[in-house]
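A look at the structure
Chain residues, written in single-letter form:
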Amino acid sequence: MTARIIGTGSYLPSHVVSNQDLEKIMDTTDEWIRSRTGIEQRHIAVEETTTSMAVEAARRALENAQTDAKELDLIVVGTVSSDRHFPSTACEIQSALGAVNAVAFDINAACSGFLFGLGIANAYFASGSFQKALIIGAETLSKMMDWNDRSTCVLFGDGAGAAVVERSEEGIISMVQGSDGARGNVLSCHNRPVNNPFVKNDTALDYTSMNGQEVYKFAVRTVPEAISKMLKEANVSPDEVKYFVLHQANIRIIESVAKRLSQPAEKFPTNLQRCGNISAGSVPVLLDEIHRKGMLQKGDKIVLAGFGAGLTWGSALISW
Ligand code: UT7
């Protein structure tokens, strides 16, 4: 048995920030951002929170899947920007949806969060006692950026994407996941330091820091390798894949992966121009957009791939 996606949904904040808007508040240019990344604008939360966006994306996915929240027995949320340390975003979503029969928890796999969540659903379904799951990637990374650090804050956007998956004979054909904690420092954000009556600690709040070039090198090498390995294991040629839905960090990374897989750019849908990098939200938001545009037909083979902090990476070959 495997996991099949039966509905998708997404939510983006209404406030849009263009590269030109950023030019007015920091030392950057539309030309630099566009030429280095492909990003033209991003949605930034003003009224929204990670939970509110995730709940809306989840409602849309449930409606799309014609599934009642009470049918869910698992809710997994990939996020590194939850509103509270606890309870989890997943438990807050469970409450908002009335998904009273679900087990709910968050996972921290950064931009691979949605892919790791799919892997968890797949494994729970294989155990035999779970039938329907809601997998979400939701982020408000704007609150974790140093808005004086132009090398990071221009790259990211906020948003949430969700998928309803069910136990099925067909769906996920193959998955590859990996982590390399030894390289974790190239993209990180510290949590609160130890601070109690026995340790005095006045360390200021930390923000996201990234060695962009190291992450870039990691992505252009690991992502095509992981996808190739997964396709080989499944005995599926890249030519048989209709779309490669990759994490939307940088158009140059996507073009490089396409080249390494000897596949045309048209097979790699993008939304980073409008959305920037939504971390765990990136893959499910894009998946929802292409699904709603009618680009996916039953039986199509598609590849989903995420990569990011950890370092982590994950890909899935799916029969739609
Ligand atoms: O979701 C997690 C995955 N994240 C990624 O995949 C990110 C991967 N990395 C990248 O996409 C690229 O490395 C970046 C887009 C982050 C940076 O591109 P780059 O070509 O590696 O630029 P760089 O970091 O080498 O910076 C080049 C120059 C520097 O100036 P100097 O030292 O050459 O004078 C930076 O200070 O660009 C400068 N710079 C900027 N200039 C204008 C950095 N950020 C900006 C900016 N506006 N926003």
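As shown above, the structure is provided for reference.
Residues numbered from 1 in each chain as written. Predicted model: local features only at pLDDT ≥ 70, side-chain atom pairs only at ≥ 80, totals over all residues. Heavy atoms only, no water.

1. What to know about the overall build of the protein
For the protein, the count of helices and strands is 10 helices and 13 strands. In terms of overall size, the protein behaves like a compact globule, its C-alpha atoms giving a radius of gyration of 19 Å where 320 residues would be expected to give roughly 20 Å. In terms of principal-axis extent, the alpha carbons of the protein reach across some 50 × 50 × 40 Å. Every one of the 320 residues in the protein was classed for burial, and the buried ones make up 57%. Pairs at least 24 apart in sequence give 77% of the contacts found in the protein among residues at least 6 apart. Of the roughly 14,000 Å² of accessible surface on the protein, 48% is carried by carbon and sulfur atoms. Charge-centre separation for the protein: the mean point of 30 positive side chains lies 3 Å from the mean point of 36 negative side chains. (Helix = DSSP H or I, 4+ residues; strand = E, 2+ residues; numbered from the N terminus. Rg over C-alpha atoms; globule rule 2.2 N^0.38 Å. Buried < 20%, exposed > 50% of the residue type's maximum accessible area, 1.4 Å probe, protein only. Contact = heavy atoms within 4.5 Å. Areas by Shrake-Rupley, 256 points an atom, 1.4 Å probe, with all protein chains shown as cover. Lys, Arg positive; Asp, Glu negative; His and termini not counted. Charge placed at Lys NZ, Arg CZ, Asp CG, Glu CD.)

2. Quick word on the pattern of salt bridges
All chains considered together, the criterion is met by 16 salt bridges. Across the pair Arg-84 and Glu-92 runs a salt bridge whose closest N-O atoms are separated by 3.0 Å. By relative accessible area, Arg-84 is classed as partly exposed at 43%. What emerges from the salt-bridge pattern is a single network uniting Asp-30, Arg-34 and Glu-40. (Salt bridge = Lys/Arg side-chain N within 4 Å of Asp/Glu carboxyl O.)

3. Here's the deal with the packing of aromatic side chains
Under the definition given, this model contains four aromatic pairs. Plain terms: the ring middles of Tyr-124 and Phe-130 are 4.7 Å apart, the flat faces sit at 70 degrees to each other, and that makes the pair edge-to-face. Judged by relative accessible area, Tyr-124 falls into the partly exposed class, the value being 28%. For Phe-130, a relative accessible area of 15% corresponds to the buried category. Where Phe-244 meets Phe-268, the ring centres are 4.8 Å apart and the plane angle is 10 degrees; that geometry is what we call stacked. You can see Phe-244 sitting in strand β11 (residues 243–246) and its partner Phe-268 sitting in the loop between α8 (251–260) and α9 (272–275), a full 24 residues away along the chain. Note on accessibility: Phe-244 and Phe-268 belong to one class, buried. Here the aromatic residues Phe-105, Tyr-124 and Phe-130 are joined through ring pairs into a cluster of three or more. (Phe/Tyr/Trp six-rings, centres within 6.5 Å; stacked < 30°, edge-to-face > 60°.)

4. Looking at the pairing of β11
Side-chain alternation along β11 places Tyr-243 and Val-245 on one buried face and Phe-244 and Leu-246 on a second face that is also buried. Pairing of β11 with strand β12 (residues 301–308) involves four bridges; the strand directions are parallel. Its bridge partner being in β12, Phe-244 is matched across the sheet by Val-303. (Pairing = 2+ DSSP bridges.)

5. Re the sheet that holds strand β6 (residues 132–139)
With mixed pairing, five strands are arranged side by side in an open sheet as β1-β7-β6-β4-β5. Edge positions in the open sheet fall to β1 (2–11) and β5 (103–107), since each of these has one partner strand only. Averaged over all neighbouring strand pairs, the angle between strand axes comes to 20 degrees, with direction disregarded. The pairing of strand β4 (residues 74–78) with β6 spans five bridges and is classified as parallel. Note on β6: the bridge partner recorded for Ile-75 is Leu-134. Its contacts with the sheet place helix α10 (residues 282–292) against β1, β6 and β7 (159–168), and it is angled at close to 90 degrees to β1. (Axes fitted to C-alpha atoms, helices over the stretch in contact; angles between N-to-C directions.)

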